[in-house]
Amino acid sequence: MKALVITKPGGPEVLELMDRPVPQPGPGEIRVRVHASALNRADLLQRRGSYPAPPGAPADIPGLEYAGEVDAVGEGAGLWAVGNRVMGIVGGGGHAEYVVVHEREGIRIPQNLSWEEAAAIPEAFLTSYDALFRQLDLTVGERLLVLAVGSGVGTAAVQLAGAAGATVIGTSRSAGKLKRAAELGMEIGVDTTKEDLAEAVNQATYGSGVHAVMDLVGGPLLEASLRVVALRGRVVVVGTTGGSKVEVDLGLLLRRRIHMFGTVLRSRPLEEKIALAREFSGAVLPLISSGRIRPVVDSTFPFSQVRKAHERMESNESFGKIVLTW
């Protein structure tokens, strides 16, 4: 099979398409013929040598998600038949023509989605669903602040939170991205290149702040967001593109009794990934099938142009997901 290989740490130029053996499914596993995958910040970090793959995942083949059709089933696997359309997340190796996953990790692809649209779902929507409802316990009527609302996870969060009856406030360094996020259901946008985050949120909420924060950035924006968290509010840190180190006023956490924690999907045990996939299938797939929420595809590149795809993501101009196709 063809696979995208990181030949050494570096820029997009270190990526090469190479031949690798086709993986074989073991007991309880399925092999998926990948039609499309998507690009994530983790792929860029792995390419640079700063985010190694977890144990069990290919060390030099990036890719955290896939959309394709079942090509073979292992012994004892009975949930899927050859030809079924499935999508899901993996610890690595998604940027190859074939991947092998546990059958219970697979998620059915709704009939109304193309391969490209399906590939834009797993990492963004599973991460967002887990952060919003399994970590933050977001409920109807609450106000949610999403830092980096134009990212893949951000665009998913706007729609999922809106479907749950929450009000979404989003940040971006681009007025254009804020406008597009508003079209997805975001009610208040903050351009952090022109506005002070804390002042803007306090003004928009008449000083009452937000009940929950989904931080996809880290760095200084995390500190600013803490100043607008309401009493007993919650903060989940999902990404650190803006920096992994920040000064935090612990007195603020104490006085407002803020719950702050971090989360990551990639390195979770198989059992946890299966549980999330099954819960997601029941809770979110009906919304996708009905068209109430939808994946947001920024652009599509063939794998032969993967270097351009990496350059697109590094430009920070993308809105939603960058998809790769075979």
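Here the structure is shown first, and the text comes after it.
An account of the accompanying structure is given in this report. None of these values were measured; they are calculated from a predicted model.

Description of the sheet that holds strand β13 (residues 259-262)
Argument step 1. Read across the sheet, six strands follow the order β10-β9-β8-β11-β12-β13 without closing on themselves; strand pairing throughout is parallel. Sheet topology places β10 (188-191) and β13 at the edges, where each strand pairs with a single neighbour. The average angle at which neighbouring strand axes cross in this sheet is 15 degrees, direction not considered.
Argument step 2. Pairing of strand β9 (residues 167-172) with β10 involves four bridges; the strand directions are parallel. Bridge pairing in β10 links Gly-170 to Gly-189.
Argument step 3. Along the sheet, helix α6 (residues 197-204) contacts β8 (143-147), β9, β10 and β11 (210-215); its crossing angle with β10, the most-contacted strand, is approximately 160 degrees.

Observations regarding unusual backbone geometry
Argument step 1. Although it is not a glycine, Asp-137 sits at a positive phi angle of roughly 55 degrees.
Argument step 2. What makes Asp-137 partly exposed here is its relative accessible area of 49%.
Argument step 3. You will see that Tyr-206, though not glycine, has its phi angle at about 55 degrees, which is positive.
Argument step 4. On the secondary structure map, Tyr-206 appears in the loop between α6 and β11.
Argument step 5. Taking the relative accessible area as the measure of exposure, Tyr-206 reaches 79% and is therefore exposed.

Overview of the side chain of His-310
Argument step 1. Among the structural elements, His-310 can be located in helix α11 (residues 306-314).
Argument step 2. When its relative accessible area of 0% is taken as the criterion, His-310 is described as buried.
Argument step 3. Once you skip the residues sitting within four places of it in the chain, His-310 turns out to touch Pro-12, Leu-15, Leu-39, Asp-43, Leu-44 and Arg-47.

Things to note about the packing of helix α1 (residues 41-48) against α11
Argument step 1. α11 packs onto α1 with a crossing angle of 110 degrees between their chain directions and a minimal axis gap of 10 Å. Between α1 and α11, the angle is such that the two are roughly perpendicular. Counting all contacts with α1, which are made through Arg-41, Asp-43, Leu-44, Arg-47 and Arg-48, the residues of α11 involved are His-310, Met-313 and Glu-314.
Argument step 2. Residue composition of the contact of α1 with α11, grouped by class: two nonpolar, one polar and five charged.

As for the pattern of salt bridges
Argument step 1. Counting across every chain of the model gives 16 salt bridges.
Argument step 2. One salt bridge in this structure joins Lys-2 and Asp-19, with 3.2 Å as the shortest N-O distance. Of this pair, Lys-2 sits in strand β1 (residues 2-6) while Asp-19 sits in strand β2 (residues 15-19); the two residues are 17 residues apart in sequence, bridging distant segments of the chain.
Argument step 3. In this structure Lys-2 comes out as partly exposed when scored by relative accessible area, which is 35%.
Argument step 4. Asp-19 gets classed as exposed once you look at its relative accessible area, which sits at 56%.
Argument step 5. Glu-97 serves as the salt-bridge partner of Arg-33, at 3.9 Å between the closest nitrogen and oxygen. One end of the pair, Arg-33, is in strand β3 (residues 29-38); the other, Glu-97, is in the loop between β5 (85-89) and β6 (98-102), and 64 residues separate them in sequence.
Argument step 6. Linked through salt bridges whose partners overlap, the residues forming this network are Asp-130, Arg-134, Arg-268 and Glu-279.

Here's the deal with the nonpolar core
Argument step 1. Counting residues in hydrophobic clusters, the biggest one holds 50 residues, and the most contacted among them are Met-87, Phe-125, Leu-132, Leu-144, Met-214, Phe-280 and Ile-288.
Argument step 2. Met-87 has contacts with Tyr-66, Ala-67, Glu-105, Gly-106, Ile-107, Arg-108, Ile-109, Pro-110, Ala-118, Ile-121, Pro-122 and Leu-285, leaving out every residue within four places of it along the chain.
Argument step 3. In this structure, Ala-200, Val-229, Val-235 and Val-237 belong to the second largest nonpolar core, which totals 22 residues.

Thoughts on the layout of surface pockets
Argument step 1. Size it by volume and the largest pocket reaches roughly 1300 Å³.
Argument step 2. Lining the largest pocket are 45 residues, and of these Arg-41, Ser-151, Leu-216, Gly-239 and Thr-241 sit closest to its centre.
Argument step 3. Only α1, α3 (122-135), α4 (152-163), β9 and β15 (321-325) provide two or more residues apiece to the lining of the largest pocket.
Argument step 4. At five residues, the largest contribution of residues to the lining of the largest pocket is made by α1.
Argument step 5. Roughly 520 Å³ of volume is contained in the second largest pocket.
Argument step 6. The wall of the second largest pocket is formed by 29 residues, among which Gly-56, Ala-57, Gly-91, Gly-92 and Val-100 lie closest to the centre.
Argument step 7. When contributions to the lining of the second largest pocket are tallied by element, the ones reaching two or more residues are β6 and α9 (270-283).

Thoughts on the environment of Asn-84
Argument step 1. By secondary structure assignment, the location of Asn-84 is in the loop between β4 (65-73) and β5.
Argument step 2. Sequence separation of Asn-84 and Ile-109 is 25 residues, and the distance between their C-alpha atoms is 8.7 Å.
Argument step 3. Filtering out sequence-adjacent residues up to four positions away, Asn-84 remains in contact with Gly-68, Glu-69 and Val-70.
Argument step 4. Engagement of the side chain of Asn-84 in a polar contact is seen with the backbone nitrogen of Ala-81, the distance being 2.8 Å.

Section: α1
Argument step 1. By the burial criterion, the buried members of α1 are Ala-42, Asp-43, Leu-44, Gln-46 and Arg-47.
Argument step 2. The elements touched by buried residues of α1 are β1, β2, β3 and α11.
Argument step 3. Following α1 by one or two positions, Gly-49 has its phi on the positive side, about 90 degrees.

Quick notes on the rules
Residues numbered from 1 in each chain as written. Predicted model: local features only at pLDDT ≥ 70, side-chain atom pairs only at ≥ 80, totals over all residues. Heavy atoms only, no water. Pairing = 2+ DSSP bridges. Helix = DSSP H or I, 4+ residues; strand = E, 2+ residues; numbered from the N terminus. Axes fitted to C-alpha atoms, helices over the stretch in contact; angles between N-to-C directions. Contact = heavy atoms within 4.5 Å. Buried < 20%, exposed > 50% of the residue type's maximum accessible area, 1.4 Å probe, protein only. Parallel < 35°, antiparallel > 145°, perpendicular 65-115°, else oblique. Nonpolar A, V, L, I, M, F, W, Y, C, P; charged D, E, K, R; others polar. Salt bridge = Lys/Arg side-chain N within 4 Å of Asp/Glu carboxyl O. Core = buried A, V, L, I, M, F, W, Y, C linked by side-chain atoms within 4.5 Å. 1 Å grid on protein atoms, 1.4 Å probe; cavity = no way out; pocket = protein on both sides within 12 Å on 5 of 7 lines; lining within 4 Å. Points joined across faces, edges and corners; volume = space filled by probe spheres on them. Polar contact = N/O pair within 3.5 Å; in protein donor to acceptor, adjacent residues only side chain to side chain.

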